[in-house]
Amino acid sequence: TEESVKDIQIKGKCNSISIDSCTKTAVLFEDALSQCEIVNSKDVQVQSTGKSPSINMDNCTAVTFYITEESVKDVHIVTAKCAAINIIRPKPSDPNDIMETPIPEQFLTTWKNDQWVTEFVSHAD
């Protein structure tokens, strides 16, 4: 049924992972040599236990992506038409704990110094 969670585990290294039109899906993989792409999906959890140099999300809602300390330094994350995206990684001060970072989904574009400048909107707590 659509209400059940689908768990997928990918062992070993793979070139690319594509998650398309999935709902309530959890994906665990070791290494993606090229990219992990998530499109047209919602309520998805993805975890890399190794390297993941590129993460691309398009038209997604409620995605949580867990990355390793090894991936943090080199990863590129690209999002388009996404909401409620969170990246979870080990805390730098305590690798046994995690820190969660939401990806901005609201932007402000203004004219500055003869060019358009776009910045994410941060709402103070």
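Residues numbered from 1 in each chain as written. Predicted model: local features only at pLDDT ≥ 70, side-chain atom pairs only at ≥ 80, totals over all residues. Heavy atoms only, no water.

Engineer: What should I look at first to understand the overall build of the protein chain in this one?
Structural biologist: Assigned secondary structure in the protein chain consists of one helix and ten strands. Traced from its N-terminal end to its C-terminal end, the protein chain shows the element sequence β-β-β-β-β-α-β-β-β-β-β. Principal axes of the C-alpha set define a box for the protein chain whose edges measure 50 × 40 × 30 Å. Counting across all 125 residues of the protein chain, residues that qualify as buried make up 30%. Contacts in the protein chain between residues at least 24 apart in sequence constitute 5% of all its contacts with a sequence separation of at least 6. Surface summary for the protein chain: the accessible area is close to 8,100 Å², and the carbon and sulfur share equals 49%. Across the protein chain, the 11 positively charged side chains and the 19 negatively charged ones have centroids separated by 3 Å. (Helix = DSSP H or I, 4+ residues; strand = E, 2+ residues; numbered from the N terminus. Buried < 20%, exposed > 50% of the residue type's maximum accessible area, 1.4 Å probe, protein only. Contact = heavy atoms within 4.5 Å. Areas by Shrake-Rupley, 256 points an atom, 1.4 Å probe, with all protein chains shown as cover. Lys, Arg positive; Asp, Glu negative; His and termini not counted. Charge placed at Lys NZ, Arg CZ, Asp CG, Glu CD.)

Engineer: Whenever I open this one, the confidence of the model for the protein chain confuses me. Can you help?
Structural biologist: Detailed reading of predicted coordinates is not advised where the pLDDT is low. Averaged over every residue, the pLDDT of the protein chain is 92; residues scoring 70 or more account for 94%. In the model of the protein chain, helix H1 (residues 69-72) stands out as the element of lowest mean pLDDT, 91, in contrast to strand S5 (residues 61-66), which has the highest, 98. (pLDDT = per-residue confidence, 0-100.)

Engineer: Help me understand the pattern of salt bridges in this model?
Structural biologist: When their charged atoms lie close together, side chains carrying opposite charge are able to pair. For the structure on display, the rule yields five salt bridges. We note a salt bridge from Arg89 to Glu69, for which the minimum N-O separation is 2.7 Å. Taken together, the positions of Arg89 in strand S7 (residues 83-90) and Glu69 in helix H1 put the pair 20 residues apart, joining distant regions of the chain. A salt bridge links Lys91 to Asp97; the nearest nitrogen and oxygen atoms lie 3.4 Å apart. (Salt bridge = Lys/Arg side-chain N within 4 Å of Asp/Glu carboxyl O.)

Engineer: Help me understand the pairing of strand S10 (residues 115-120) in this model?
Structural biologist: Within a regular strand, the side chains alternate between the two sheet faces. Both strand S9 (residues 107-112) and S10 contribute to a ladder of six bridges, which runs antiparallel. By the bridge assignment, Phe107 is partnered in S10 with Phe120. Where S9 folds back onto S10 in an antiparallel hairpin, the turn is made up of two residues, including Asn113, whose phi is positive at roughly 50°. (Pairing = 2+ DSSP bridges.)

Engineer: What is the right way to read the pairing of strand S3 (residues 42-48) from this model?
Structural biologist: Direction of pairing for strand S2 (residues 23-39) relative to S3: parallel, over a ladder of six bridges. Paired with Val27 across the strands is Val46, a residue of S3. When S3 meets S5, the two strands line up parallel, connected through five bridges. Residue Val46 lies in a different strand from S5, and its bridge partner there is Phe65.

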